[in-house]
Amino acid sequence: MNEQVLSLRLMKVGEKVPQDARLADIGSDHAYLPTFLMLNKKISYAVAGEVVKGPYESAKRQVAKNLLSEKIMVRLANGLAAIQEEDQIDTITIAGMGGALIRQILESGREQGQLKKTETLILQPNIGERTLREWLVLNGYGIVEEEILEENDKIYEIIVAEPVDSVHYSEKELLFGPVLLQNKTETFIKKWQREVKAKERVLGDLQKAQVVPQEKIKEVEEQLAWIKEVLA
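Described in the following lines is the structure provided in the data block. In this text the structure is predicted, and so the values were computed from the model without any measurement.

Parameters and conventions
Residues numbered from 1 in each chain as written. Predicted model: local features only at pLDDT ≥ 70, side-chain atom pairs only at ≥ 80, totals over all residues. Heavy atoms only, no water. Axes fitted to C-alpha atoms, helices over the stretch in contact; angles between N-to-C directions. Helix = DSSP H or I, 4+ residues; strand = E, 2+ residues; numbered from the N terminus. Parallel < 35°, antiparallel > 145°, perpendicular 65-115°, else oblique. Contact = heavy atoms within 4.5 Å. Nonpolar A, V, L, I, M, F, W, Y, C, P; charged D, E, K, R; others polar. Buried < 20%, exposed > 50% of the residue type's maximum accessible area, 1.4 Å probe, protein only. Polar contact = N/O pair within 3.5 Å; in protein donor to acceptor, adjacent residues only side chain to side chain. Lys, Arg positive; Asp, Glu negative; His and termini not counted. Salt bridge = Lys/Arg side-chain N within 4 Å of Asp/Glu carboxyl O.

Time to look at the packing of helix α4 (residues 99–111) against helix α5 (residues 129–138). Between α4 and α5, the shortest axis-to-axis distance is 8 Å and the interhelical angle comes to 25 degrees. Taken together, α4 and α5 sit at an angle that is classed as roughly parallel. Seen from α4, the contacting residues are Gly99, Ala100, Ile102, Arg103, Leu106, Glu107 and Arg110; seen from α5, they are Thr131, Leu132, Glu134, Trp135 and Leu138. The residue makeup of the contact of α4 with α5, split by class, is 6 nonpolar, 2 polar and 4 charged.

Below, the structure is given as structure tokens:
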């Protein structure tokens with residue numbers, strides 16, 4: 001993968017970015033995504049944020065090599081602290097992290113005023129999609145698009161969210177994804193078939209425990225029932 005050829009996962013994230021967006025890509029991984037989008041005239045401006053010095057230096061080299069240093073600002077900062085007022089960011093991408101970490105980044109950005117609640121959020125959690133959807137609902141974001149894909153035997157979900165006046169999702173929608181639930185693709189089925197096996201193993205371990213955690217057993221049994229219902 002490089003700035004010319006993205007992974008399928010990042011390519012799909014890039015497809016969700018609106019034309020001429022002013023983009024902040026947080027945890028930018030060599031700035032591949034903003035560089036690719038700028039070279040293909042998809043975005044008008046970008047911030048590439050990195051919290052670790054090595055990837056930050058790598059991203060700076062990548063941007064400079066492509067003569068884009070005036071259009072892509074590479075910044076060493078924690079999460080949304082990479083965004084400055086004058087950037088006028090309207091789209092934020094955060095890809096390749098756990099859902100809990102993405103949630104933490106968004107919450108910190110909200111508390112510190114970097115998240116204005118006018119931005120389109122394009123999020124690609126590796127795990128923990130449910131906790132991320134819960135944060136979006138609690139903070140007034142509606143899920144407008146979702147995609148599930150498989151690459152190198154791993155399954156990824158992409159969540160696109162925009163500010164809305166009011167939003168509500170059921171517990172089932174938070175687990176499976178309100179959009180994904182409407183269109184059960186082959187990859188969606190494959191993911192949740194894997195989850196059935198994983199949760200059945202967890203349930204077996206819980207039932208063998210010396211102190212049986214009844215609440216946890218009940219939660220896993222409920223989720224298993226939901227999954228089997230959705231797969232039926």
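There is more to say, and it comes next.
In this section: unusual backbone geometry. Within the chain, Gln88 stands out as a residue other than glycine whose phi angle is a positive 50 degrees. Mapped onto the elements, Gln88 comes out in the loop between β3 (72–76) and β4 (91–97). For Asp153, which is not glycine, the phi torsion reads 65 degrees and is therefore positive. Relative to the helices and strands, Asp153 is located in the loop between β6 (141–151) and β7 (154–163). Look at Asp153 and you get exposed, because its relative accessible area is 55%.

The topology assignment puts Asn66 in the loop between α3 (53–65) and β3. Since its relative accessible area comes to 15%, Asn66 is described here as buried. Of note is the side chain of Asn66, whose polar atom sits 2.9 Å from the backbone oxygen of Gln62.

The residue Glu119 is located in the loop between α4 and β5 (120–125) in this model. Within the buried set, Glu119 has no salt-bridge partner at all; the shortest N-O distance to an opposite charge, 7.0 Å, is to Lys116. A distance of 2.8 Å separates a polar atom in the side chain of Glu119 from the backbone nitrogen of Lys116. Here Lys117 takes part through its backbone nitrogen, which lies 3.0 Å from a polar atom of the side chain of Glu119.

In short, shape yes, function no, at least from these values alone.
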